[in-house]
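In case you want the letters, here they are:
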Amino acid sequence: MAQAGCTRFVFSSSATVYGPDNAIPYVETMPTYVATSPYGWTKVMIEQILRDYCTATPGFTAVLLRYFNPIGGHPSGLLGDDPNIPNNLMPYIARVAAGQLDKLTIFGDDYPTPDGTCRRDYLHVVDLAKGHLKAIDYAMEHTGAEAFNLGTGHAVSVLSGCSSGSGSRFPAGSVAYGISMSRFAAVVWTPVSLPVSL
């Protein structure tokens, strides 16, 4: 980075760096030395490399953005949430609503939430992009490493996210679902720390 003259770095990390032992809600000052997946470990390790680099390189800035569950697409339709193999909830809901899948599998209904399903802070990708732009502004005015959580601050359960009674845009009955065993115990959302003007 020094050879390229790079003194500012915005890293798109993940709230998975908080691991299984931190209390909810997650705050940026919590330890991030334990992860539960290879993906999470890559984020933990890169964050540590950037922190170390900032310590060793006075004047260098690293902004670490932590978030869960980006969803949606750009209003232009040029960028969307339709991956070949989905790895989050919303593409599955859309495929069931469009008739491409028979039903949505919800993993667990035994969480300590009002409807028993896991709660998540879903962050629209346009808001996430705006958060990255704010991080660039922050990096221009500060040095060292700093972590920020990005999110709405409002958790939504998986079941309410696919039901027409929760303000969903899907017509009643269009998102059939079935309950399966919980994959792991997690009821998480990240508080908003970096202000994003919408």
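Position numbers for residues start from 1 in each chain and track the written sequence from start to end. Local features are withheld for residues below a pLDDT of 70 in this predicted model, meaning they are given only at 70 or higher, and side-chain atom pairs are given and counted only at 80 or more; totals for whole chains, interfaces and linings count all residues. Where side-chain values are given, they derive from all heavy atoms of the structure, hydrogens and water being excluded.

J.: Pulling in residues and values, what's your account of the environment of Phe-9?
T.: For helices the rule is a DSSP run of H or I covering at least 4 residues; for strands it is a run of E covering at least 2, with both sets numbered from the N terminus onward. Relative to the elements of secondary structure, Phe-9 occurs in strand β1 (residues 8-12). Using a relative accessible area of 27% as the deciding quantity, one classes Phe-9 as partly exposed. Separated by 54 residues in the primary sequence, Phe-9 and Val-63 have C-alpha atoms spaced 6.3 Å apart. Here, two residues are considered to be in contact whenever any of their heavy atoms come within 4.5 Å of each other. Apart from the residues lying within four places of it in its own chain, the contact partners of Phe-9 are Met-1, Leu-50, Phe-60, Thr-61, Ala-62 and Val-63. For every residue, the accessible area (1.4 Å probe, protein chains only) is compared with the maximum for its type, and the residue is labelled buried under 20%, exposed over 50%, or partly exposed between those bounds.

J.: Quick one: what's the story with the packing of aromatic side chains, residue by residue and with numbers?
T.: Aromatic rings from Phe, Tyr and Trp, taking only the six-membered ring of Trp, are treated as a pair when their centres fall within 6.5 Å; an angle between ring planes under 30 degrees marks them as stacked, one over 60 as edge-to-face, and anything in between as tilted. Throughout the structure, instances matching the rule amount to three aromatic pairs. On the numbers, 4.7 Å between centres and 20° between planes, the contact of Tyr-18 with Tyr-26 is stacked.

J.: Describe in detail the pairing of strand β4 (residues 104-107), supporting the description with residues and values.
T.: Here β4 shows one buried face, formed by Leu-104 and Ile-106, and one open face, formed by Thr-105 and Phe-107. Sheet topology places β4 next to strand β9 (residues 177-180); four bridges connect them, and they run parallel. In the sheet register, Phe-107 faces β9, and the bridge partner there is Ser-180. Whether two strands pair depends on DSSP finding at least two bridges between them.

J.: Let's hear about the pattern of salt bridges: which residues, and what values?
T.: Each salt bridge in this description consists of a side-chain nitrogen of Lys or Arg and a carboxyl oxygen of Asp or Glu lying within 4 Å of one another. For the structure on display, the rule yields one salt bridge. Across the pair Glu-47 and Arg-66 runs a salt bridge whose closest N-O atoms are separated by 2.6 Å. Taken together, the positions of Glu-47 in helix α1 (residues 38-56) and Arg-66 in strand β2 (residues 61-66) put the pair 19 residues apart, joining distant regions of the chain. On the basis of relative accessibility, which here comes to 1%, the residue Arg-66 falls in the buried class.

J.: Explain the nonpolar core residue by residue, including any values.
T.: Buried residues of nine kinds, namely Ala, Val, Leu, Ile, Met, Phe, Trp, Tyr and Cys, make up a nonpolar core once their side-chain atoms join them within 4.5 Å. Grouped together as the largest cluster of nonpolar side chains are 14 residues, with contacts concentrated most on Leu-89, Ile-93, Leu-104, Ile-106, Val-158 and Cys-162. Among the elements that take part in this core, helix α2 (residues 89-97) stands out by supplying four residues, more than any other. Sequence-distant contacts of Val-158, that is, excluding residues within four places in its chain, are made with Leu-89, Ile-106, Thr-117, Cys-118 and Tyr-122. Judged by nonpolar contacts, the second largest core, of 10 residues, contains Leu-65, Tyr-67, Ala-135 and Tyr-138.

J.: Tell me about unusual backbone geometry, residues and numbers included.
T.: That bond from Ile-24 to Pro-25 is cis: its omega, 5°, falls within 30 degrees of zero. With respect to the helices, strands and loops of the structure, Pro-25 is situated in the loop between β1 and α1. The phi dihedral of Asn-69 falls on the positive side, at around 50°, and the residue is not glycine.

J.: Which residues make up the side chain of Asn-69, and what values do they have?
T.: Here Asn-69 shows up in the loop between β2 and β3 (70-71). When its relative accessible area of 17% is taken as the criterion, Asn-69 is described as buried. The contact partners of Asn-69, leaving out residues within four places of it in the chain, are Arg-120, Asp-121, Tyr-122 and Leu-123.

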